[in-house]
Amino acid sequence: MLAKALQKLFSKGDNIEALHQSMQAKRWSSHALEHYFAHPLPNAERPLSEQQFVALDFETTGLNPDTDRILSIGTVELNYEEIDLTSVSEVILRYDVIVRPESAIIHEIMPIQVQKQGWSPSQHSIY
């Protein structure tokens, strides 16, 4: 199923290649994303066991996608056999909103962390 989804995604040729090239030109705050875009797109004919991936993890201020915001973005590089824990990266975003207790129980990001470590999206561009 994953192989078919990847093949469908990467079989569009020019569209995905143009998007990838535009992403290569941007400055990324995440080392894993910067590393990912520095490399060519995977060849859909190549076995999954030979591919490299970046997993994205999003944590939110609450559980309602209509009203809550992304609180942190995490990345980690992986391949078919292993997860490279040395590549783990996380950016905590700072908003003027409250971290809901029901989401803090899950992601364990406390309001004090957001204030001290948070990065303000309104003051920076992630691209």
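Rules and cut-offs
- Residues numbered from 1 in each chain as written.
- Predicted model: local features only at pLDDT ≥ 70, side-chain atom pairs only at ≥ 80, totals over all residues.
- Heavy atoms only, no water.
- Helix = DSSP H or I, 4+ residues; strand = E, 2+ residues; numbered from the N terminus.
- Buried < 20%, exposed > 50% of the residue type's maximum accessible area, 1.4 Å probe, protein only.
- Contact = heavy atoms within 4.5 Å.
- Polar contact = N/O pair within 3.5 Å; in protein donor to acceptor, adjacent residues only side chain to side chain.
- Pairing = 2+ DSSP bridges.
- Axes fitted to C-alpha atoms, helices over the stretch in contact; angles between N-to-C directions.
- Core = buried A, V, L, I, M, F, W, Y, C linked by side-chain atoms within 4.5 Å.

Per an unreviewed UniProt entry, the protein chain carries the name Exonuclease domain-containing protein and comes from Vibrio artabrorum.

S.K.: In this structure, what is going on with the overall build of the protein chain? I would like to understand it.
M.R.: Across its full length, the protein chain holds five helices and three strands. Secondary structure elements of the protein chain occur, N-terminal to C-terminal, as α-α-α-β-β-β-α-α. When the 127 residues of the protein chain are sorted by exposure, 29% land in the buried category. Contacts in the protein chain between residues far apart in sequence, at least 24 positions, make up 46% of those at least 6 positions apart.

S.K.: Looking at this structure, how should I read the side chain of His107?
M.R.: Looking at the element boundaries, His107 is found in helix 4 (residues 101-107). Polar side-chain contacts of His107 include one of 3.1 Å to the backbone oxygen of Thr60.

S.K.: Mind showing me how you'd approach the sheet that holds strand 3 (residues 83-92) here?
M.R.: The strands that make up a sheet pair up through hydrogen bonds in the backbone, lying either parallel or antiparallel. Strands sit in the order 1-2-3 across an open sheet of three strands; the sheet is antiparallel. Strands at the two margins of the open sheet, each flanked by one partner only, are strand 1 (52-60) and strand 3. Ignoring strand direction, the axes of neighbouring strands in this sheet form an average angle of 20 degrees. Relative to strand 3, strand 2 (residues 70-79) runs antiparallel, the two sharing six bridges. Each bridged residue has a counterpart across the sheet, and for Glu77 the counterpart in strand 3 is Asp84.

S.K.: What should I look at first to understand the environment of Tyr95 in this one?
M.R.: By secondary structure assignment, the location of Tyr95 is in the loop between strand 3 and helix 4. By relative accessible area, which is 18% here, Tyr95 ends up buried.

S.K.: What is the right way to look at the pairing of strand 2 in this model?
M.R.: Residues in a regular strand project their side chains so that they alternate between the two faces of the sheet. Two strands pair when backbone bridges link them, and strand 1 and strand 2 are joined in this way by nine bridges, in the antiparallel orientation. Bridge pairing in strand 2 places Glu59 opposite Ser72. The antiparallel hairpin formed by strand 2 and strand 3 contains three residues in its connecting segment.

S.K.: Which parts of the structure should I look at to understand unusual backbone geometry?
M.R.: If a residue is not glycine, its phi is most likely negative; likewise, a peptide bond is most likely trans. The phi angle at Glu108 is positive, at roughly 60 degrees, despite the residue not being glycine. Mapped onto the elements, Glu108 comes out in the loop between helix 4 and helix 5 (111-117).

S.K.: It is not clear to me how the nonpolar core should be interpreted in this structure. Could you clarify?
M.R.: Inside soluble globular proteins, nonpolar side chains tend to come together where they are buried. Leu71, Ile92, Val99, Ala104, Ile109 and Val114 form the largest nonpolar core, which has six residues in total. Among residues more than four places away in sequence, those in contact with Leu71 are Glu59, Thr60, Thr61, Val91, Ile92, Leu93, Val99, His107, Ile109 and Val114.

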